[in-house]
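Remarks on the overall topology
One-letter residues, chain by chain:
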Amino acid sequence: MSAAQQTIHVGGEWRPAVSGATRDIIDPADASVFAVVSEGGVADTDDAVAAARAAFHDGSWPRTSVAERADLLRRVATLLERDREKIGALESQDAGKTLEEGRVDVDCVRDAFRYFADLVMNESGGRVVDAGTDEVHSVVVHEPVGVCALITPWNYPLLQASWKIAPALAAGNTFVIKPSEITPLTTVALIGLLMEAGLPQGVANLVTGAGATVGARLAEHPDVDLVSFTGGLSSGTKVARAAADTVKKVALELGGKNPNVVFADACATDEGFDTAVDQALNAAFIHSGQVCSAGSRLIVEEPLRDRFVTELARRAERIRLGRGTDPGAECGPLVSGQQLAKTEDFVASAIAEGAVLRAGGERPEGPGYFYRPTVLDRCDRRMRVVREEVFGPVLTVETFRTEEEAVTLANDTEYGLAGAVWTADAGRARRVAGRLRHGTVWINDFHPYLPQAEWGGFGKSGIGRELGPTGLAEYREAKHIYQNLAPRPVRWFAG
């Protein structure tokens, strides 16, 4: 077991928890302890918020020029390139994903920092508003919102941290970040890179600890101006309630139950069939399905179902499980024993409700939190596994006969994060994409995102957007400055 790391960062200094408490970090590939971190609490959280508040009011960062802020973000991107292998391996071990997935995550984080650096550099100094007279100069400017509380999930700890930290810093804010208590290590590493890049002390603060203590305190804290949360629906609603009393800004990304709609014409050729099946596997089983935008609902045209699901199940059975660093491993473990048990419960309930198991549905022999990629056929919307987010390697199959029915099924969810449509008909592709009530819609693809394009969802998938210009706007306040160039008495009141 490793010696305990001091993983609480307040006012530019690393320190242990005030209480002295620690937490074991578990390697999900073998359930062993591979790191020990500080377990912060309310006192640590209050100290971190105080440091962020002091840095915002009295420090230089909010008043630093846009060019200097952009330069720092670019330096962080360069450091990420330098440490790609080390941080990618740490993300792999901490979250259970394959080493290649960890490397790709580092590349995406680098791209996010560069994007927000470019975005702020290319902006104008404000929006001039025509007041209808030359005697008034009117302009709308944007200022940092203040102290930001950033609460991130366990599945993509490094990526989700960057989607919040990069725009928060680009806008001139200070922040306190709370990573998931299960997977905090790459966030700790990222804070180290921010300091190495020259970020002033107190701007970036980190508290490792439980959501029920640290996260709850950040959401309710009167000195926090904005809380950005990515995680489950239940936790997100608690954050929103806690934030309401202080009327702070709230941004929530709460997951999805994402449809992958396949029309038969997409599979009219052998190449088209192979591509659609391959992408259905990617949609559902990347990172063992622990992806908020996972295509966990396959909605396939009825005449295609038997051929498509048979091939899908055959390939799912051949997916190679293993530790992320194992040669040939294609899929890693689930992140925890709790997540494994949850996945098993969903599969058992689906079979009890009438689903037909076509692949997987079991743990392999050996240590760790592994679960076989699972295909459940003959599913419908009455089943819990179709309605609720599993966050495991479980793919359900539903069928449709008409375009109208396909759209109805795809939209029949309380979430609305992402979805896809596969078809060779360009007109149908545009029609269906236009009618899907999801924040991202892919046509003949699944999973890619661009830092330039907003990410977020409809319905219970959340509030607000990350990435793109709107992702930066979340971390700003708009201010209207109205200057009267020729002031004179109004004479509204006599005398």
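Residues numbered from 1 in each chain as written. Predicted model: local features only at pLDDT ≥ 70, side-chain atom pairs only at ≥ 80, totals over all residues. Heavy atoms only, no water.

Things to note about unusual backbone geometry
- Unusually for a residue other than glycine, His287 sits at a positive phi of about 50°.
- Among the residues examined, His287 registers a relative accessible area of 3% and is labelled buried.
- A positive phi is found at Ser288, a non-glycine position, where the angle reads about 55°.
- On the secondary structure map, Ser288 appears in the loop between helix H9 (270-285) and strand S14 (297-301). (Buried < 20%, exposed > 50% of the residue type's maximum accessible area, 1.4 Å probe, protein only. Helix = DSSP H or I, 4+ residues; strand = E, 2+ residues; numbered from the N terminus.)

A few points about the environment of Asp47
- Of note, Asp47 is situated in helix H1 (residues 42-58).
- With a relative accessible area of 32%, Asp47 lands in the partly exposed category.
- For the pair Asp47 and His9, spaced 38 residues apart in sequence, the C-alpha separation works out to 9.9 Å.
- What Asp47 contacts, discounting residues up to four positions off in sequence, is Val10, Arg15 and Val18.
- Within the structure, Asp47 has its side chain in polar contact with the side chain of Arg15 (distance 2.8 Å). (Contact = heavy atoms within 4.5 Å. Polar contact = N/O pair within 3.5 Å; in protein donor to acceptor, adjacent residues only side chain to side chain.)

Focus: the pattern of salt bridges
- Taken as a whole and judged by the stated rule, the model has 47 salt bridges.
- Among the salt bridges present, the one from Asp46 reaches Arg217, with a minimum N-O distance of 2.7 Å. Taken together, the positions of Asp46 in helix H1 and Arg217 in helix H7 (residues 211-220) put the pair 171 residues apart, joining distant regions of the chain.
- According to the relative accessible area criterion, Arg217 is buried, its value standing at 19%.
- Here Arg114 makes a salt bridge to Glu81, at a shortest N to O gap of 3.3 Å. With a gap of 33 residues between them, Arg114 in helix H4 (residues 99-121) and Glu81 in helix H2 (residues 66-82) connect regions that are remote in the sequence.
- By relative accessible area, Arg114 is classed as partly exposed at 30%.
- Through salt bridges with shared partners, a single ionic network connects Glu81, Arg84, Glu85, Glu100, Arg103, Asp107, Arg110, Asp111 and Arg114. (Salt bridge = Lys/Arg side-chain N within 4 Å of Asp/Glu carboxyl O.)

Regarding helix H3 (residues 84-95)
- Helix length check: H3, at twelve residues, gives a terminal C-alpha distance of 16 Å against a target of 16 Å (1.5 Å per residue), a fit within 8%.
- Among the residues of H3, Ile87, Gly88, Glu91, Ser92, Asp94 and Ala95 are the ones counted as buried.
- Gly96 lies just past H3 and shows a positive phi near 90°. (Expected span 1.5 Å × (residues − 1).)

Topic: the packing of H9 against helix H10 (residues 305-317)
- Taken N-terminus to C-terminus, the directions of H9 and H10 make an angle of 55°; their axes are 10 Å apart at the nearest point. In terms of axis orientation, H9 runs oblique to H10. Both H9 and H10 take part in a crossing whose hand is right-handed. Across the interface between the two elements, Asp270, Phe273, Asp274, Ala276, Val277, Asp278, Ala280, Leu281 and Phe285 of H9 pack against Arg307, Phe308, Glu311, Leu312, Arg315 and Ala316 of H10. (Axes fitted to C-alpha atoms, helices over the stretch in contact; angles between N-to-C directions. Parallel < 35°, antiparallel > 145°, perpendicular 65-115°, else oblique. Left-handed = near helix turned anticlockwise from the far one by under 90°.)

Considering helix H13 (residues 403-411)
- Buried within H13 are the following residues: Glu403, Ala406, Val407, Leu409 and Ala410. Seen from one end, H13 has its buried residues packed into an arc of 165°, which puts them on one side. (Arc of directions from axis to C-beta.)

Topic: the packing of aromatic side chains
- If you walk through the whole model with that rule in mind, you get eight aromatic pairs.
- Measuring from ring centre to ring centre gives 6.2 Å for Trp163 and Trp455, while their planes differ by 65°; the resulting arrangement is edge-to-face. One end of the pair, Trp163, is in helix H5 (residues 157-170); the other, Trp455, is in the loop between strand S19 (440-443) and strand S20 (462-463), with 292 residues separating them in the sequence.
- Given the relative accessible area of 6%, Trp455 is considered buried.
- Look at Phe273 and Phe308: their rings are 5.9 Å apart centre to centre, the planes differ by 85°, and that puts the pair in the edge-to-face class. With Phe273 in helix H9 and Phe308 in helix H10, this pair connects stretches of sequence that are 35 residues apart. (Phe/Tyr/Trp six-rings, centres within 6.5 Å; stacked < 30°, edge-to-face > 60°.)

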